[in-house]
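Coordinate analysis (summary)
Each chain, letter by letter, is given below.
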Amino acid sequence: MKILVINAGSSSIKYQLMDLADAHRYAVLASGLVEKIGEATGRVTHTIFTDGQEQRFVEENPLKNHHEGMSRVVALLTDPQRGVIRDAAEIEGVGHRVLSCGEVYSDTVRITPKVKATIREFFPLGPLHNPPNLMGIEVAEEFFPRAPQVAVFDTAFHQTMPPKAFLYAVPYEWYTRHRLRRYGFHGTSHKFITQATAEFIGKPLAKTNLISIHLGNGCSMAAVRHGKCVDTSMGVTPLEGLIMGTRSGDMDPAALEYIMGLTGMDIHQMVNALNKQSGLKGICGVNDMREVVEKAAGGDAQAETALQMFCYRIQKYIGAYLAVVPHVDAIVFTAGIGQNSAPVRERICTGLGHLGIRLDLAKNAARANGPRAIHQAGAPLQILVLPTNEELQIALETKQNITGA
Ligand code: AMP
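Residues numbered from 1 in each chain as written. Predicted model: local features only at pLDDT ≥ 70, side-chain atom pairs only at ≥ 80, totals over all residues. Heavy atoms only, no water.

1. So, the site of the ligand
If you check the shell around the ligand, you find Gly 216, Asn 217, Asp 288, Met 289, Arg 290, Ala 335, Gly 336, Ile 337, Asn 340 and Ser 341 and nothing else. One of the backbone nitrogen or oxygen atoms of Gly 336 is found 2.9 Å away from an oxygen atom of the ligand. In the complex, 72% of the free accessible area of the ligand, which totals 500 Å², lies under the protein chains. Of all elements in the fold, only α10 (289-297) and α12 (335-340) reach the threshold of two or more residues within the shell around the ligand. When the residues that make up the shell around the ligand are grouped by side-chain class, the tally is 3 nonpolar, 5 polar and 2 charged. (Near = heavy atom within 4 Å. Polar contact = N/O pair within 3.5 Å; in protein donor to acceptor, adjacent residues only side chain to side chain. Areas by Shrake-Rupley, 256 points an atom, 1.4 Å probe, with all protein chains shown as cover. Helix = DSSP H or I, 4+ residues; strand = E, 2+ residues; numbered from the N terminus. Nonpolar A, V, L, I, M, F, W, Y, C, P; charged D, E, K, R; others polar.)

So this is what it looks like as structure tokens:
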């Protein structure tokens, strides 16, 4: 079944066309990124995969809006040389990554006018993502009128959290009237990792307990008990929790008043600084973990501090989640940093032996891409590195929604 996965941002459209039967039998036919929509020069990077060969094409032309961007995607997918299908009608379903639907949907849904109205209702809680996500849906409806459109919410997996985990200790009516609570994000990735962990360790999903550690451009953790999320580190927005490339993660909200008073920043500038100028970048000037590790190894004291802070925060969350999930089977590293950075994994696991976390240094350092275990033989807790695949998860859920299987 051919499924197109779309992740529409404010000036971008990420896409992947897959032909899939199930989680193990699928092929990526094409993937790409439309960037700089609305800017002077737009760009489309389009990659096709045929007979094990990868071919990449780059176009640079102004793209006025998402409609023009999507029209290039359809043209490229159906192009006789650069395409992989003859007609857009071959696409049997479109799966959209949508940031937030609050508490309204706890699972993937078929897009209807009511679902679109709900996504719109949550613009104030997801101002950077929900509006372009909806735009992506409306444009896809125009280009693929016969294909069912499905929304996969990044918050859905976390809807099983109990009130003691999702409520903020603030006036209760902020929750009842204004929907202020912790929603969590990266849910599609944490869900994929939960299923992949159960499979890897050979346990039924309903008996699998884990701590999922997603370390990429954004970073978050999820505590999973019996296959269901019971806590996660991100909050009402993705700013809460771990230290990230450019985000501060947890901090004292009263500090904002203090710095705003001293600098004259308004609240928008402040939240922007916490999202874009903080985290690793705020401490050592760079946000790519590869550069931070290199600089620290070269003796840069601030990069070393940033690295220590990043890992220390994760250690604290591991401690907290081990306390709330009894009998954790595995802690699982995933995403760009989690899958690729042996030094970061080593720093996180070092000193946690008393919690059952015992890293095998050679296994950790070995170069590998696939799913693997990196704990010492006989350790009470497994330490796993599992590649996440949010596009595959979205495609699978889209197929399931459409076919019921
Ligand atoms: P993601 O959001 O999952 O695509 O992760 C992107 C991030 O992964 C980048 O910003 C890098 O900081 C990080 N990353 C990718 N490869 C490595 C690596 N080999 N070592 C450290 N960090 C890496």
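We are not done yet, so read on.
2. Section: unusual backbone geometry
The backbone phi angle of His 226 is positive, close to 50°, even though this residue is not glycine. Of note in this structure, Ala 335 is not a glycine but carries a positive phi near 75°.

3. Some remarks on the pairing of strand β4 (residues 43-50)
Where strand β3 (residues 26-35) lies against β4, 6 bridges are found, and the strand directions are antiparallel. Paired with Glu 35 across the two strands is Arg 43, which belongs to β4. Here β4 pairs with strand β5 (residues 53-60) via 8 bridges, running antiparallel. Across the sheet, the residue bridging to Thr 45 is Val 58, located in β5. Following β4, the chain reverses through 2 residues before pairing antiparallel with β5; Asp 51 in that reversal takes a positive phi of roughly 50°. (Pairing = 2+ DSSP bridges.)

4. Quick word on the pattern of salt bridges
All told, the structure shown has 23 salt bridges when counted by the stated rule. A salt bridge links Lys 14 to Glu 391, with the shortest nitrogen-to-oxygen separation between them at 3.9 Å. With Lys 14 in strand β2 (residues 13-20) and Glu 391 in helix α15 (residues 390-403), the pair connects residues that are 377 residues apart, well separated along the chain. A residue is classified by how much of its surface remains accessible, and Glu 391, at 24% relative accessible area, is partly exposed. The salt bridge partner of Glu 390 is Arg 97, with a shortest N-O separation of 3.4 Å. With a gap of 293 residues between them, Glu 390 in helix α15 and Arg 97 in strand β6 (residues 93-98) connect regions that are remote in the sequence. Taken together, the salt bridges that share partners define one network made up of Glu 59, Arg 72, Asp 79 and Arg 82. (Salt bridge = Lys/Arg side-chain N within 4 Å of Asp/Glu carboxyl O. Buried < 20%, exposed > 50% of the residue type's maximum accessible area, 1.4 Å probe, protein only.)

5. Concerning the sheet that holds β3
Taken together, the 8 strands give an open sheet; going across it, the order is β5-β4-β3-β2-β1-β6-β8-β7, and neighbouring strands pair in mixed fashion. A strand with exactly one partner marks an edge of an open sheet, and here the two such strands are β5 and β7 (109-110). This element, helix α3 (residues 130-143), spans β1 (2-8), β6 and β8 (149-153) of the sheet and lies at about 170° to β6. Here α15 sits on the sheet in contact with β1, β2, β3, β6, β7 and β8, set at roughly 60° to β2. (Contact = heavy atoms within 4.5 Å. Axes fitted to C-alpha atoms, helices over the stretch in contact; angles between N-to-C directions.)

6. A word on the environment of Val 44
Examined against the element boundaries, Val 44 turns out to sit in strand β4. A residue is classified by how much of its surface remains accessible, and Val 44, at 2% relative accessible area, is buried. For Val 44 and Lys 14, which are 30 residues apart along the polypeptide, the C-alpha to C-alpha distance reads 9.7 Å. When sequence neighbours within four positions are dropped, the list of residues in contact with Val 44 reads Tyr 15, Leu 33, Val 34, Phe 57, Val 58, Glu 59, Leu 63, Arg 72 and Leu 76.

7. Details of the packing of helix α1 (residues 66-78) against α3
As a packed pair, α1 and α3 sit with axes 10 Å apart at the nearest point and diverge in direction by 50°. Comparing their axes, α3 and α1 come out oblique. The hand of the α1/α3 crossing is right-handed. On α3, the residues touching His 66, His 67, Met 70, Ser 71 and Val 74 of α1 are Met 135, Val 139, Ala 140, Glu 142 and Phe 143. Across the contact of α1 with α3, the residue classes tally to 6 nonpolar, 3 polar and 1 charged. (Parallel < 35°, antiparallel > 145°, perpendicular 65-115°, else oblique. Left-handed = near helix turned anticlockwise from the far one by under 90°.)

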